[in-house]
Amino acid sequence: MKKELDTRGLDFPTRCVHSGVYKDEVYNSVVTPIYPSSTFYFEGPGQTSGYDYTRTRNPTRVALEENLASLEGGAGCTATSTGMSAISSVLHLLPENAHIIAGHEIYGGTFRLFNDIMPKRALKVSQVDMRDIDAVRNAIRPETKAIWIETPSNPLLNLTDVEAVCRLAQEHGLLSIADNTFLTPFLQRPLELGADLVVHSTTKYLNGHSDVVGGAVIAATDELAEQVAAICNALGTTCSPYDAWLVLRGVKTLSLRMAAHEQNGMALARFLDQRPEVERVYYPGLESHPDHALACRQQSGFGGMLSFDMHGGEEKAQAFIAGLRLYSFAESLGGVESLIEHPASMSHAAMTPEGQAAAGIGPGTIRVSAGIEASHDLIADMEQAFTALD
Ligand SMILES: *Cc1c(COP(=O)(O)O)cnc(C)c1O
């Protein structure tokens, strides 16, 4: 019976399409049904179908969770309502007064959570240059419990050596948690590099169509997976069956989309690298990127995110963005449509100007999420916007 389909051993694109999908035992639906039922009846005392209440467990959500656990190579997954709820949930694994180490340059919402919200819950964060393993080691204190990895970083695409940081974490008995939103398991699998947990904003590439917000936590071991599931159930951070269904639909084309995003990322990086208006391009696929060798080693591609600094600061950057027709001027990333944004005033506005400067985010920094449109159309639109600046 199809429901029994064991996708272990099948290749990544096959698992995107088939893992977890077959949940309909009555009509043999090829697509996972949406089970909106908030509750499930008992056939007798203690006799359930494996489901009792949707916050705890829901067949549509379980389908997505099995799929994502398979793609990341994890023991289990909990799908959450947003990426931030996934991140908030995993922080509840840590004891009171815990200290965690993170990079300087992390997702703006994670920065806000770490700096504004968690300190009120006695959780302290040190932000260091994650490219410098000695800096990470020196930040470890007796109360340190976890290391937070976000690679490539946002928005400047600096890389962290996941294997080296996870080894350090292991030596000191710390949890290693990796936000794998930017690359997805198609291009990078942190659990295989030694991480204990992976978090995602499924809002981005995993869903890929800019029509849902969601998140996920994937754990390396059954024990951690059970702890995370229990926390998400207790906090109420799990996602709705409708959202789970949309993400599961999106993830089926992940391999195809990521290949297209990557092709456009590279094409745009090479184009921008030659423009006189551009001071610097940040894309790990360029040979000139300081972490290019590491990218080749720990990733199986460079992804669709890139940033660049424009000469002339914010004024020129905003004028360039205003001249574009094809790119939406919007936060977020990872959808089929190309987006462009200004980190200093948008995605990273939660950071102080000093914090932005320390991380290297300048007034002329622009971030691009390359969609899956034709490369030459994306380049032509930038070309006309540069020309219009003169
Ligand atoms: C978007 C994003 C998040 C937060 O996800 P939401 O779904 O917006 O809550 C976390 N980490 C990274 C790297 C992201 O890009």
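For the structure itself, look to the data block above.
Residues numbered from 1 in each chain as written. Predicted model: local features only at pLDDT ≥ 70, side-chain atom pairs only at ≥ 80, totals over all residues. Heavy atoms only, no water.

1. Concerning the packing of helix H10 (residues 254-273) against helix H14 (residues 375-389)
- At their nearest, the axes of H10 and H14 sit 9 Å apart, and the two run at 30° to each other. The angle between the axes of H10 and H14 places the two elements in the roughly parallel class. H14 is crossed by H10, and the crossing has right-handed handedness. Across the interface between the two elements, Gln263, Asn264, Ala267, Leu268, Phe271 and Leu272 of H10 pack against Ser375, Leu378, Ile379, Met382, Glu383 and Phe386 of H14.
- Considering only residue class, the contact of H10 with H14 consists of eight nonpolar, three polar and one charged. (Axes fitted to C-alpha atoms, helices over the stretch in contact; angles between N-to-C directions. Helix = DSSP H or I, 4+ residues; strand = E, 2+ residues; numbered from the N terminus. Parallel < 35°, antiparallel > 145°, perpendicular 65-115°, else oblique. Left-handed = near helix turned anticlockwise from the far one by under 90°. Contact = heavy atoms within 4.5 Å. Nonpolar A, V, L, I, M, F, W, Y, C, P; charged D, E, K, R; others polar.)

2. Notes on the sheet that holds strand E2 (residues 99-103)
- Judged by pairing direction, the sheet is mixed, and its seven strands sit side by side in the order E1-E7-E6-E5-E4-E2-E3 without closing on themselves. A strand with exactly one partner marks an edge of an open sheet, and here the two such strands are strand E1 (76-80) and strand E3 (124-128). Sheet twist, expressed as the average angle between the axes of neighbouring strands with direction ignored, equals 20°.
- When E2 meets E3, the two strands line up parallel, connected through five bridges. Residue Ile100 lies in a different strand from E3, and its bridge partner there is Val125.
- Contacting strand E4 (144-150) and strand E5 (175-179), helix H6 (residues 162-171) crosses the sheet at an angle of about 175° to E4. (Pairing = 2+ DSSP bridges.)

3. Notes on the site of the ligand
- Neighbouring the ligand are 14 residues; Met84, Asp179, Ser201, Thr203 and Lys204 lie closest to it.
- Taking Gly83, its main chain carries an N or O atom lying 2.9 Å from an oxygen atom of the ligand.
- Measuring from a nitrogen atom of the ligand, one finds a side-chain N or O atom of Asp179 at 2.7 Å.
- When the ligand sits alone it has 380 Å² of accessible area, and the protein chains cover 92% of it.
- At three residues, the largest contribution of residues to the shell around the ligand is made by helix H3 (residues 83-91).
- Classifying every residue of the shell around the ligand gives five nonpolar, six polar and three charged. (Near = heavy atom within 4 Å. Polar contact = N/O pair within 3.5 Å; in protein donor to acceptor, adjacent residues only side chain to side chain. Areas by Shrake-Rupley, 256 points an atom, 1.4 Å probe, with all protein chains shown as cover.)

4. Focus: the packing of aromatic side chains
- The tally for this structure, following the rule as stated, stands at seven aromatic pairs.
- A ring pair is formed by Phe40 and Tyr51, whose centres lie 5.7 Å apart and whose planes are at 40°; its orientation type is tilted. In this pair, Phe40 is assigned in the loop between helix H1 (12-18) and helix H2 (59-72) and Tyr51 in the loop between H1 and H2, connecting sequence segments 11 residues apart. In this structure, Phe40 and Tyr51 share a single accessibility class: buried.
- A ring pair is formed by Tyr283 and Phe302, whose centres lie 6.4 Å apart and whose planes are at 65°; its orientation type is edge-to-face. Taken together, the positions of Tyr283 in the loop between strand E8 (278-282) and helix H11 (292-298) and Phe302 in the loop between H11 and strand E9 (305-310) put the pair 19 residues apart, joining distant regions of the chain. Accessibility assignment for this pair places Tyr283 and Phe302 in one class, buried. (Phe/Tyr/Trp six-rings, centres within 6.5 Å; stacked < 30°, edge-to-face > 60°. Buried < 20%, exposed > 50% of the residue type's maximum accessible area, 1.4 Å probe, protein only.)

5. Some remarks on unusual backbone geometry
- In this structure, Pro152 follows Thr151 across a cis peptide bond, with omega equal to -5°.
- Along the polypeptide, Pro152 turns up in the loop between E4 and H6.
- Here the bond from Asn154 into Pro155 is cis, since omega is 10°, no more than 30 degrees from zero.
- Backbone geometry at Thr184 places phi at a positive 65°, although glycine is not the residue there.
- A relative accessible area of 0% means that Thr184 is categorised as buried.
- A positive phi is found at Ser210, a non-glycine position, where the angle reads about 55°.

6. Comments concerning the layout of surface pockets
- If you add up the space inside the second largest pocket, you get close to 450 Å³.
- Along the walls of the second largest pocket sit 19 residues, with Arg57, Glu65, Ala75, Gly76 and Cys77 positioned nearest its centre.
- Of all the elements in the fold, those that place two or more residues in the lining of the second largest pocket are H2, E1 and helix H8 (222-235).
- Looking at the lining of the second largest pocket element by element, the count peaks at six residues for H2.
- Classifying every residue of the lining of the second largest pocket by side-chain character gives six nonpolar, seven polar and six charged. (1 Å grid on protein atoms, 1.4 Å probe; cavity = no way out; pocket = protein on both sides within 12 Å on 5 of 7 lines; lining within 4 Å. Points joined across faces, edges and corners; volume = space filled by probe spheres on them.)

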